[in-house]
Amino acid sequence: DVKVTQSSRYLVKRTGEKVFLECVQDMDHENMFWYRQDPGLGLRLIYFSYDVKMKEKGDIPEGYSVSREKKERFSLILESASTNQTSMYLCASRQTVVLNTGELFFGEGSRLTVL
Amino acid sequence: AQRVTQPEKLLSVFKGAPVELKCNYSYSGSPELFWYVQYSRQRLQLLLRHISRESIKGFTADLNKGETSFHLKKPFAQEEDSAMYYCALSAYGNKLVFGAGTILRVKS
């Protein structure tokens, strides 16, 4: 069973704080993703990584950065948290599949509240 | 630009009634479409993909390129089908673009 683990289920931070969200997967997947999930907006891609030390911006990268120093770990960083970053954050991983798009495996999510 | 539209935020049906969750997409390439589901207090997971052409938990979805649709259907809803359903499109670079989601409530 693929396991994607997000280290924090619930966080409460203050405006301006630096926030780290950690994600680890145990199936040697090359691809990893960070989404935010908001009611009425669905899942929006923040950043993704096709392999170690590679990263690409998704649809809403502003205010976020990422780090992928090891294959199993993909970190999302909020340099200076703001109230509009209050959301549920979902990490996902995927094996590279040549002929089609592989299945995404999701973590349980990290609910971040910025006061 | 690629886009996925799920027009219903909430769909409420009685147990045993047919279910159809609508999904329309906009994409200039050859689409690859998926349905993901999130049950209460569980993580988001793949339900089915159009290339598999299979029925999962009684659900089916047919890709209609003419109508650019990928509606999810089940002939007889069960209470355990209550969940949030997301339609997703694989776009350039194999990125998944998700719709806004539809909450399905099956009433007894």
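See the structure shown above.
This structure is a prediction, so every number in the text was calculated from the model and none was measured.

Describing the overall build of chain B
From N to C terminus, chain B includes zero helices and 11 strands. Counting from the amino terminus, helix and strand elements in chain B follow one another as β-β-β-β-β-β-β-β-β-β-β. By the compact-globule yardstick of 13 Å for 108 residues, chain B fits well, its C-alpha radius of gyration being 13 Å. The principal-axis extent of the C-alpha atoms belonging to chain B is close to 40 × 30 × 25 Å.

Some words on the interface of chain B and chain A
Contacts between chain B and chain A engage 18 residues on the former and 21 residues on the latter. Summed over both sides, the interface of chain B with chain A buries roughly 1,800 Å², with 49% coming from carbon and sulfur. Along the contact surface separating chain B from chain A lie one salt bridge. Its salt-bridge partner being B:Arg43, residue A:Glu108 comes within 3.9 Å of it at the nearest N-O pair. Sorting the residues of the side of chain B that touches chain A by element identifies β5 (33-38), β6 (45-49), β9 (83-90) and β10 (96-98) of chain B as the ones contributing at least two each. Considering every element that reaches the side of chain B that touches chain A, the biggest residue donor is β5(B), with three residues. Looking at the side of chain B that touches chain A, its residues break down into nine nonpolar, five polar and four charged.

Some details on the state of the cysteines
Summed over all chains, the structure comprises two disulfides over all chains. A sulfur-sulfur distance of 1.9 Å marks the disulfide that ties A:Cys23 to A:Cys91. Taking the torsion about the S-S bond as the criterion, the A:Cys23 to A:Cys91 disulfide, at about -75 degrees, is left-handed. On the criterion of sequence distance, the pair formed by A:Cys23 in strand β4 (residues 23-25) and A:Cys91 in strand β10 (residues 87-94) is long-range, its members being 68 residues apart. In this pair, the class of A:Cys23 matches that of A:Cys91, namely buried. Each sulfur in the disulfide pair B:Cys23 and B:Cys87 lies 2.0 Å from the other. One disulfide, between B:Cys23 and B:Cys87, carries an S-S torsion of -65 degrees and so falls in the left-handed class.

A closer look at the pattern of salt bridges
All told, the structure shown has 12 salt bridges over all chains when counted by the stated rule. A salt bridge links A:Arg73 to A:Glu22; the shortest N-O distance between them is 3.9 Å. Pair noted here: A:Arg73 is in strand β9 (residues 73-78) and A:Glu22 is in the loop between β3 (19-21) and β4, with a separation of 51 residues, a long-range link. Taking relative accessible area as the criterion, A:Arg73 reaches 38% and is therefore assigned partly exposed. Two residues, B:Glu20 and B:Lys73, come together in a salt bridge whose shortest N-O distance is 3.7 Å. Of this pair, B:Glu20 sits in strand β3 (residues 19-21) while B:Lys73 sits in strand β8 (residues 72-74), placing them 53 residues apart in sequence. Looking at B:Glu20, the relative accessible area reads 27%, which means it is partly exposed. The network of salt bridges with shared partners includes A:Arg9, A:Glu108 and B:Arg43.

Here is what the cut-offs are and how they apply
Residues numbered from 1 in each chain as written. Chains lettered and ligands numbered in written order. Predicted model: local features only at pLDDT ≥ 70, side-chain atom pairs only at ≥ 80, totals over all residues. Heavy atoms only, no water. Helix = DSSP H or I, 4+ residues; strand = E, 2+ residues; numbered from the N terminus. Rg over C-alpha atoms; globule rule 2.2 N^0.38 Å. Contact = heavy atoms within 4.5 Å. Buried area = accessible area lost by both parts, 1.4 Å probe. Salt bridge = Lys/Arg side-chain N within 4 Å of Asp/Glu carboxyl O. Nonpolar A, V, L, I, M, F, W, Y, C, P; charged D, E, K, R; others polar. Disulfide = S-S within 2.5 Å. Buried < 20%, exposed > 50% of the residue type's maximum accessible area, 1.4 Å probe, protein only.

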